Amino acid sequence: MSELVYTLIEFCSVAKVDEQRVTEFVEHGILEPRLRQDQWIFPSEALSRCQRAERMRQDLQLDLHGVALALELTERNQKLRQRIDYLEQLIDRLRH
Amino acid sequence: MDFKDYYKILDLPPSATQEEVKRTYKKLARKYHPDVSEEADATAKFQAVSEAYEVLKNKDKRAEYDELREYVNNPNQFQNAGAGHGRFNSDASAESGLDDLLRSIFGDQGGFSGGAQGFNGQRGGTFNVRGQDIRYDLGITLEEAYAGGKRSLRLTTPGGDKTINVTIPKGVTQGKELRLKGQGELGHGEGPAGDIYLKISFLKHPLFEVDENDITLVLPVSPWEAALGESVEVQTLGGKVNLKIPADSQNGKRLRLKGRGLGSGDQFVMLKLVNPPIETDADKAAFEALKDKFNFKPLDGMARPV
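Procedures and definitions
Residues numbered from 1 in each chain as written. Chains lettered and ligands numbered in written order. Predicted model: local features only at pLDDT ≥ 70, side-chain atom pairs only at ≥ 80, totals over all residues. Heavy atoms only, no water. Patch = residues over 30% accessible without salt bridge, like charges linked within 9 Å, V, L, I, M, F, W, Y side chains within 5 Å. Areas by Shrake-Rupley, 256 points an atom, 1.4 Å probe, with all protein chains shown as cover. Salt bridge = Lys/Arg side-chain N within 4 Å of Asp/Glu carboxyl O. Lys, Arg positive; Asp, Glu negative; His and termini not counted. Charge placed at Lys NZ, Arg CZ, Asp CG, Glu CD. Helix = DSSP H or I, 4+ residues; strand = E, 2+ residues; numbered from the N terminus. Buried < 20%, exposed > 50% of the residue type's maximum accessible area, 1.4 Å probe, protein only. pLDDT = per-residue confidence, 0-100. Contact = heavy atoms within 4.5 Å. Axes fitted to C-alpha atoms, helices over the stretch in contact; angles between N-to-C directions. Parallel < 35°, antiparallel > 145°, perpendicular 65-115°, else oblique. Nonpolar A, V, L, I, M, F, W, Y, C, P; charged D, E, K, R; others polar. Pairing = 2+ DSSP bridges.

### Thoughts on a positive patch on the surface
All names here are of chain B.
Step number 1: Taken together, Lys 22, Lys 26, Lys 27, Arg 30 and Lys 31 make up a surface patch of like positive charges.
Step number 2: Counting through the fold element by element, Lys 27 comes out in helix 2 (residues 18-32).
Step number 3: Residue classification places Lys 27 among the exposed positions, given a relative accessible area of 56%.

Put into structure tokens, the structure is as follows:
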């Protein structure tokens, strides 16, 4: 299955975020595109991350360091929650 | 749309200062932001809080809203207000929840032009704007995630019900988003339609638990199967396979079936030792014999506080 990727221009148009903002997100490590022939290539997963970052920036009036930190913490939190769910279900099955 | 008490939404007295309004909004925005919050109805709460702040943060809009609120609470003091709703017809009320609020109270009479269209700042369709994206949660079974495949979905969208065909990628994991290009709301003018995003979640499975792309099956075994070893049939997402339980296995032992998880993940089989029920004297005698044979006291091996 071929992976869906975007160039910077495609990415900006689909994410509805301008190029300068995307560039800033990359500079702050919020988005991590790969390089292909000296051009940024964004995986499709980056779309929702970019939109989430932009919403957080606007709605919560965060600077980009804050956005990067908030994203990282919420993602870590979500992973931990999933893991807790898994372990709780497993314990339940072992007990009954 | 009913009258909304913006002060109640922000949990502030109507005498709150602009500074208090701002501070409270920021706190609640962090609490309910859908990208951050774990509250079930975070999106609705965030929208309510934002709408309240949109109005109260602006002194003119706030004054207008206060007057309206006063009218709703004490309608008799404003005997001409129903007819004279033009008093609430200022630019400040356009493009905010206040406009809808006024409309809900006085009906859709003149003086509220541009309310509905004003929402996107587009009047008369002279601008080309991409349609809104729509987001849904899509609950799928682990079998669907494992095998991938096509599925037909019936969605209720703002533009009416529609049926769409979705390809579920093989090995998809929880929380992944599928994008259906151009299936969202229609654009304005020449603008393209938005997209539909489907966020994958897994329905509870009767046998398996999921940890990212690994799955775990808890397998009940008898003491002798664990002690002597046994070849058993176990369920995987791809059908039944044979699994050899090695001799001298303990409770909780984890065996791995490589590549039987989602995508590149594995399936783990965790042994759960189950004693047979002891119902007769003969059952009891069998365990007595074990006791005499082993003289086994696992408690002795347990660390004790000194």
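### Some remarks on the confidence of the model for chain B
Residues and elements named next belong to chain B.
Step number 1: Averaged over every residue, the pLDDT of chain B is 84; the share at 70 or more is 83%.
Step number 2: pLDDT under 50 marks residues 81-86. Its contacts with residues more than four places away, or in other chains, come to 7 contacts.
Step number 3: Counting interchain partners and residues more than four positions distant, the pLDDT-below-50 stretch residues 108-125 has 24 contacts.

### Thoughts on the packing of helix 3 (residues 42-56) of chain B against helix 4 (residues 59-73) of chain B
Residue and element names in this part refer to chain B.
Step number 1: Between helix 3 and helix 4, whose axes approach to 6 Å, the crossing angle comes to 105°. Considering their axes alone, helix 3 and helix 4 lie roughly perpendicular with respect to each other. Contact with helix 3, carried on its side by Glu 54, Val 55 and Leu 56, involves Lys 61, Arg 62 and Tyr 65 of helix 4 and no other residues of that element.
Step number 2: Its residues placed into classes, the contact of helix 3 with helix 4 shows 3 nonpolar, no polar and 3 charged.

### Focus: the pairing of strand 4 (residues 177-180) of chain B
Residue and element names in this part refer to chain B.
Step number 1: Along strand 4, the buried face is formed by Leu 178 and Leu 180; none of Glu 177 and Arg 179, which line the opposite face, is buried.
Step number 2: In this structure, strand 4 lies alongside strand 5 (residues 196-202), joined through 4 bridges in antiparallel fashion. By the bridge assignment, Glu 177 is partnered in strand 5 with Lys 199.

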